[in-house]
Amino acid sequence: MRTASTGQPGTERSEHPAILGTLDVVPWHEIQDSTGSAAAIPGLLDDIARGSADTATAALGELRKRICQYGFVVEQATAATVPFLWELAQSPHVTCRPQIIRLLASIAEARQWEHTASAYPKLLNHRENPVAWERAARQAVHARRGTLRSLLDEQDAELVRATGELARTLGV
């Protein structure tokens with residue numbers, strides 16, 4: 001595989017089949033992540049898809065902070081991001097696939113907003129409803145659970161282990 005450098009350390013790009021072709025369909029500027037506008041999410045997903053191992057890992061770490069902060073607080077942009085995470089997890093050239101699967105498991109397990117709303121029901125009356133975001137994110141993870149079987153057949157032991165954990169989380 002050839003790589004092309006952009007001249008900046010850690011930004012090497014690998015050639016590979018086109019993925020993430022529908023990123024521009026999501027109105028990222030109109031939805032929120034933990035930092036405010038989710039406009040940076042497409043760039044992070046692209047870095048995960050096309051970057052070197054170090055670049056992809058760093059981008060995934062930043063993405064995790066934006067869509068599943070602390071490993072259990074999802075945001076408005078989380079559900080829109082999940083299908084792209086599934087796509088990346090299925091792409092053999094992506095270097096951080098087990099970590100993506102673990103992020104999907106964290107999203108599937110997230111119940112922070114629901115727990116908060118049970119103690120403070122007025123939370124459900126806000127215009128922005130984080131409980132709905134959390135449910136939509138979990139549903140997005142569950143919607144692609146049929147993908148698990150092919151991931152369990154992979155040769156990468158760490159990927160298979162992470163996939164098995166996600167399958168248990170999803171009750172598959």
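What counts, and where the lines are drawn
- Residues numbered from 1 in each chain as written.
- Predicted model: local features only at pLDDT ≥ 70, side-chain atom pairs only at ≥ 80, totals over all residues.
- Heavy atoms only, no water.
- Salt bridge = Lys/Arg side-chain N within 4 Å of Asp/Glu carboxyl O.
- Helix = DSSP H or I, 4+ residues; strand = E, 2+ residues; numbered from the N terminus.
- Buried < 20%, exposed > 50% of the residue type's maximum accessible area, 1.4 Å probe, protein only.
- Phe/Tyr/Trp six-rings, centres within 6.5 Å; stacked < 30°, edge-to-face > 60°.
- Axes fitted to C-alpha atoms, helices over the stretch in contact; angles between N-to-C directions.
- Parallel < 35°, antiparallel > 145°, perpendicular 65-115°, else oblique.
- Left-handed = near helix turned anticlockwise from the far one by under 90°.
- Contact = heavy atoms within 4.5 Å.
- Nonpolar A, V, L, I, M, F, W, Y, C, P; charged D, E, K, R; others polar.
- Core = buried A, V, L, I, M, F, W, Y, C linked by side-chain atoms within 4.5 Å.
- Expected span 1.5 Å × (residues − 1).
- Polar contact = N/O pair within 3.5 Å; in protein donor to acceptor, adjacent residues only side chain to side chain.

Further remarks concern the pattern of salt bridges. Two side chains of opposite charge can pair, provided their charged atoms sit close to one another. Scanning the model with the defined rule gives 6 salt bridges in all. Residues Glu-154 and Arg-97 are paired through a salt bridge, measuring 3.0 Å at the closest nitrogen-oxygen approach. You can see Glu-154 sitting in the loop between helix H7 (148-152) and helix H8 (157-170) and its partner Arg-97 sitting in helix H4 (residues 97-109), a full 57 residues away along the chain. When its relative accessible area of 29% is taken as the criterion, Glu-154 is described as partly exposed. Exposure remark for Arg-97: the relative accessible area of 7% places this residue in the buried category. Taking the shortest distance from any N to any O, the salt bridge between Arg-138 and Glu-134 comes out at 3.7 Å. Taken as a pair, Arg-138 and Glu-134 lie in helix H6 (residues 130-143) at a separation of 4 residues, close to a single helical turn. Across the pair, Glu-134 and Arg-138 agree in class, each one buried.

Right, let's talk about the packing of aromatic side chains for a bit. Applying the stated criterion across every chain yields a total of 2 aromatic pairs. Geometrically, the ring pair formed by Trp-28 and Phe-84 is tilted, given 6.2 Å between the ring centres and 50° between the ring planes. Of this pair, Trp-28 sits in the loop between strand S2 (13-14) and strand S3 (32-33) while Phe-84 is found in helix H3 (residues 78-89), placing the two residues 56 residues apart along the sequence. Classification of Trp-28 by relative accessible area gives buried; the value is 5%.

With that settled, consider the packing of H3 against H4. Between H3 and H4, the shortest axis-to-axis distance is 10 Å and the interhelical angle comes to 150°. Here H3 is positioned roughly antiparallel relative to H4, judged by the angle of their axes. Here H3 and H4 pass one another in a crossing that is left-handed. Here Thr-78, Val-82, Leu-85, Trp-86, Leu-88 and Ala-89 of H3 lie close against H4, whose contacting residues are Arg-97, Ile-100, Ile-101, Leu-103, Leu-104 and Ile-107. Here the contact of H3 with H4 is built from residues that sort into 10 nonpolar, 1 polar and 1 charged.

With 46 residues, the main nonpolar core has Ile-100 and Ile-107 as its most contacted residues. Within the residue set of this core, elements represented by two or more residues are helix H1 (41-50), helix H2 (53-67), H3, H4, H6, H7 and H8. Among the elements that line this core, the one with the most residues is H4, at 7 residues. If sequence neighbours within four positions are ignored, Ile-100 has contacts with Ile-48, Leu-60, Leu-85, Leu-88, Ala-89 and Val-94.

Attention now moves to unusual backbone geometry. Even without glycine at this site, Tyr-70 takes up a positive phi of about 65°. Within the secondary structure, Tyr-70 sits in the loop between strand S5 (68-69) and strand S6 (73-74). With a relative accessible area of 64%, Tyr-70 lands in the exposed category.

Here we come to the side chain of Ser-91. Structurally, Ser-91 is set in the loop between H3 and H4. On the accessibility criterion, Ser-91 (7% relative accessible area) is buried. Setting aside residues up to four positions removed in sequence, Ser-91 forms contacts with Ile-19 and Arg-97.

Let us look at H8. Here H8 is 14 residues long and its end C-alpha atoms lie 20 Å apart, about the 20 Å a rise of 1.5 Å per residue gives. Within H8 the residues assigned to the buried category are Leu-159, Ala-162, Thr-163, Gly-164, Leu-166, Ala-167 and Leu-170. Summarising the contacts, the buried residues of H8 are in contact with H3, H4, H6 and H7. The N-cap of H8, judged by a side-chain oxygen 2.9 Å from the amide nitrogen of Glu-158 a few residues on, is Asp-156. Following H8 by one or two positions, Gly-171 adopts a phi angle in the positive range, close to 75°.

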